[in-house]
Amino acid sequence: TDIRCEHCAELQTTLLTLRERTPPGSFSVEARQFPLDAECNSMIERAEDPVRCLAARARICLAKHPKSDEFTSSLFARQKELTVSELYQIAAPYMGRKALESCVGSPETKARLEEDIAYAARFASDGTVLRVGPDSRVQVNETAAQRDVTVFFGRLWAHVVRWKERPTRFTTSG
């Protein structure tokens, strides 16, 4: 995901709703970062927004925190006006600034971000890839999501509800 991506923010909200409405352990989310800035993503041509790379690294650093979803939701809620300073303020209840600065600058975090970007390149994805249940994959093309988010999430919901019975694969495309 990219912190400035409106579809990613919508997906975050939907996944939290699914988590609230399904039994614990019904599905898992493998969060992957794909910041749309050349400062940390060689697949992008221009470096214009330091918040994108910082947010991706911060999300990696806080991924195992018990309230990582809350942190991510707070970032997405401020996505349009989010600054570097605000990001650190939002992160403060979850990790101190010095610890977060150390983590976002660490070789381990850099390697994880590079792995996430390479993962996206492997699938040549033009949308957001989700794994729902064992061996299941849902891919949504952002233009399709723009046209009919309701249909996509309806299909996703149906898939989540039935995945335990018979894991399947489906793809929506634009």
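Predicted model, so just to flag it, every value in this text is computed and none were measured.

Draft legend 1. Structural detail: the nonpolar core. In terms of nonpolar packing, the biggest core is built from 21 residues, with I3, F71, L75, L82, L87, L100 and V104 touching the most fellow members. No other element matches the five residues that helix α2 (residues 50-61) contributes to this core. Beyond its immediate chain neighbours, meaning those up to four positions away, F71 contacts A58, R59, L62, I90, A91 and Y94. C40, C53, A56 and I117 belong to the second largest nonpolar core, which has six residues in total.

Draft legend 2. Structural view of the environment of T1. Looking at where T1 falls in the secondary structure, it is placed in the segment before α1 (6-21). Sequence-wise, T1 and P35 are 34 residues apart; in three dimensions their C-alpha atoms are separated by 6.6 Å. For T1, the residues in contact, after removing those within four places along its chain, are C8, R32, Q33, F34, P35, R59 and F76. For T1, the side chain forms a polar contact with the side chain of R59, separated by 2.5 Å.

Draft legend 3. Highlighting the state of the cysteines. Scanning the model with the defined rule gives two disulfides in all. The side chain of C40 participates in a disulfide bridge whose partner is C53; the two sulfur atoms lie 2.1 Å from each other. In this structure, the disulfide formed by C40 and C53 twists by about -85° around the S-S bond and is classed as left-handed. Placement of C40 in the loop between α1 and α2 and of C53 in helix α2 is noted, with a sequence separation of 13 residues between them. Relative accessible area serves as the criterion here: at 0%, C53 is assigned to the buried category. Sulfur-sulfur distance for the disulfide between C61 and C103 comes to 2.1 Å. Its torsion about the S-S bond being -105°, the disulfide of C61 and C103 is classed as left-handed. Remark: C103 occurs in helix α5 (residues 97-104) and C61 occurs in helix α2; sequence separation between them is 42 residues. For the chain, the bonded cysteines pair up as 1-2, 3-4 when numbered in the order they occur along the sequence.

Draft legend 4. Spatial organisation of the packing of aromatic side chains. Under the definition given, this model contains one aromatic pair. Aromatic side chains F71 and Y94 sit 5.6 Å apart centroid to centroid with 65° between the ring planes, which places their arrangement in the edge-to-face category. Remark: Y94 occurs in the loop between α4 (84-91) and α5 and F71 occurs in helix α3 (residues 68-77); sequence separation between them is 23 residues. We note that F71, like Y94, is buried. In this structure, R32 packs its charged tip against the face of Y119, placed 4.0 Å from the ring centre. The residue whose ring lies beneath R97 is Y88, and the NZ or CZ to ring-centre distance is 4.0 Å.

Draft legend 5. Representation of the side chain of T22 in the model. Its place among the elements puts T22 in the loop between α1 and α2. When its relative accessible area of 12% is taken as the criterion, T22 is described as buried. For T22, the side chain forms a polar contact with the main-chain oxygen of L18, separated by 2.7 Å.

Conventions used here
Residues numbered from 1 in each chain as written. Predicted model: local features only at pLDDT ≥ 70, side-chain atom pairs only at ≥ 80, totals over all residues. Heavy atoms only, no water. Core = buried A, V, L, I, M, F, W, Y, C linked by side-chain atoms within 4.5 Å. Buried < 20%, exposed > 50% of the residue type's maximum accessible area, 1.4 Å probe, protein only. Helix = DSSP H or I, 4+ residues; strand = E, 2+ residues; numbered from the N terminus. Contact = heavy atoms within 4.5 Å. Polar contact = N/O pair within 3.5 Å; in protein donor to acceptor, adjacent residues only side chain to side chain. Disulfide = S-S within 2.5 Å. Phe/Tyr/Trp six-rings, centres within 6.5 Å; stacked < 30°, edge-to-face > 60°. Lys NZ or Arg CZ within 6 Å of the ring centre and 35° of its normal.

Shape descriptors only; they carry no functional weight alone.
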